[in-house]
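# Commentary on secondary and tertiary structure
Residue-level listing of the chains:
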Amino acid sequence: MIVPDIFQDSRGFFMETYREDQFKKLGLPCNFVQDNHSRSARGVVRGLHFQWGPPMGKLMRVTSGSAFLVAVDIRKGSPTLGKWVGVEASTENRRQVWAPAGFARGFCVLSESAEIQYKCTGLYSNKAESGILWNDPAIGIEWPLAGAQPELSEKDKKAQTLAQWLATPESDNFKF
C-alpha cells in the first residue's frame, strides 16, 4: 500500500500520485506505459485479472467513491503463492495499491459508484491475459459484500481457479 503525502487547505488538496525518485527508493518500477480508468456501480467485482505477455504490473487508486482493491500472488514457487492483500481505498484516504507482474488484481465497489485509475507497466494484450475466479476457495478473499452476490462480467464468471492457472504452460511466465 502506498499513501502519498497530501497537502490540504481551505482551497482543496494537492498530492503527487507518482514520483519516480520515491518509487525507485522503494524498489518499485518506474516505467509506466499505459493508464486505465474505469467506473463501476456498487457491488461490482472486476477481476481477478493479470497479463503475462508483456508482464503487467499495476498501480491502482480510487479517484471517486470507495472500493476494496485486491492483489493475489500467482507466481509458481513463491512462498506467498495464493496469498492476497486487500485494501479499502477511497477519495478520502487516497491509498494506492501496487500489484507487480505475477499478481492477479481486482476490486469490489463499496460506494454507490467508484472510479478506479491504474498505471500499467505493460501494454494490454488480449492474447496474453487471463483471470482467476474472484471467489476461488483456495485463495479465500474476504470480499466486503455483506452476503450479496456481486455483479460480474461474463468473462469473470468463467475465470479459472488458481489451480487451473498453475497447470497451464503460460503460468511458467511467473516463476518466483
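So, a few notes on the structure that sits alongside this text. All figures in this text were calculated on a predicted structure; none of them were measured in a lab. (Residues numbered from 1 in each chain as written. Predicted model: local features only at pLDDT ≥ 70, side-chain atom pairs only at ≥ 80, totals over all residues. Heavy atoms only, no water.)

What follows is about the overall build of the chain. The secondary structure content of the chain amounts to 3 helices and 11 strands. Shown N-terminal to C-terminal, the secondary structure of the chain runs as helices and strands in the order β-β-α-β-β-β-β-β-β-β-β-β-α-α. By the compact-globule yardstick of 16 Å for 176 residues, the chain fits well, its C-alpha radius of gyration being 16 Å. On the principal axes, the C-alpha backbone points of the chain span a range of 55 × 40 × 30 Å. Here the chain holds 176 residues, and the buried ones make up 45% of them. (Helix = DSSP H or I, 4+ residues; strand = E, 2+ residues; numbered from the N terminus. Rg over C-alpha atoms; globule rule 2.2 N^0.38 Å. Buried < 20%, exposed > 50% of the residue type's maximum accessible area, 1.4 Å probe, protein only.)

Here the focus is the sheet that holds strand 3 (residues 34-41). With antiparallel pairing, the 4 strands of this open sheet are ordered in space as 3-10-5-8. A single partner strand is all that each edge strand has here, and the edge strands are strand 3 and strand 8 (96-99). Between one strand axis and the next, the sheet turns by 25° as a mean value, whatever way the strands run. (Pairing = 2+ DSSP bridges. Axes fitted to C-alpha atoms, helices over the stretch in contact; angles between N-to-C directions.)

One pass over the structure, following the stated rule, counts 9 aromatic pairs. Judged by centre distance (4.5 Å) and plane angle (65°), the rings of Phe50 and Trp165 are edge-to-face. Placement of Phe50 in strand 4 (residues 45-51) and of Trp165 in helix 3 (residues 162-166) is noted, with a sequence separation of 115 residues between them. The residues Phe50 and Trp165 share a single accessibility class, namely buried. Summarising the aromatic geometry, the rings of Phe68 and Trp84 are spaced 6.3 Å apart at their centres and angled 70° between planes, so their arrangement reads as edge-to-face. With Phe68 in strand 6 (residues 66-73) and Trp84 in strand 7 (residues 84-90), this pair connects stretches of sequence that are 16 residues apart. (Phe/Tyr/Trp six-rings, centres within 6.5 Å; stacked < 30°, edge-to-face > 60°.)

So, on to the environment of Lys155. Structurally, Lys155 can be placed in helix 2 (residues 154-157). Residue class for Lys155 comes out partly exposed when judged on its relative accessible area of 45%. Through-space distance from the C-alpha of Lys155 to that of Gly47 is 9.2 Å; in sequence the pair is 108 residues apart. Setting aside chain neighbours within four positions, we find Lys155 in contact with Tyr124 and Glu129. (Contact = heavy atoms within 4.5 Å.)

In this structure, the amide linkage connecting Gly47 to the following residue, Leu48, adopts the cis form with an omega of 20°. Here Leu48 is to be found in strand 4. The amide bond that connects Gly53 to the next residue, Pro54, takes the cis arrangement and shows omega of -5°. Tracing the sequence through the fold places Pro54 in the loop between strand 4 and strand 5 (58-64). One non-glycine residue with positive phi stands out, namely Arg94, at about 55°.

This part covers the side chain of Ser40. Inspection of the secondary structure assignment puts Ser40 in strand 3. Ser40 gets classed as buried once you look at its relative accessible area, which sits at 5%. A polar contact is formed between the side chain of Ser40 and the side chain of Arg46, at a distance of 2.6 Å. Other than its neighbours up to four places away in sequence, Ser40 contacts Arg46, Phe107, Val109, Ser113 and Ala114. (Polar contact = N/O pair within 3.5 Å; in protein donor to acceptor, adjacent residues only side chain to side chain.)

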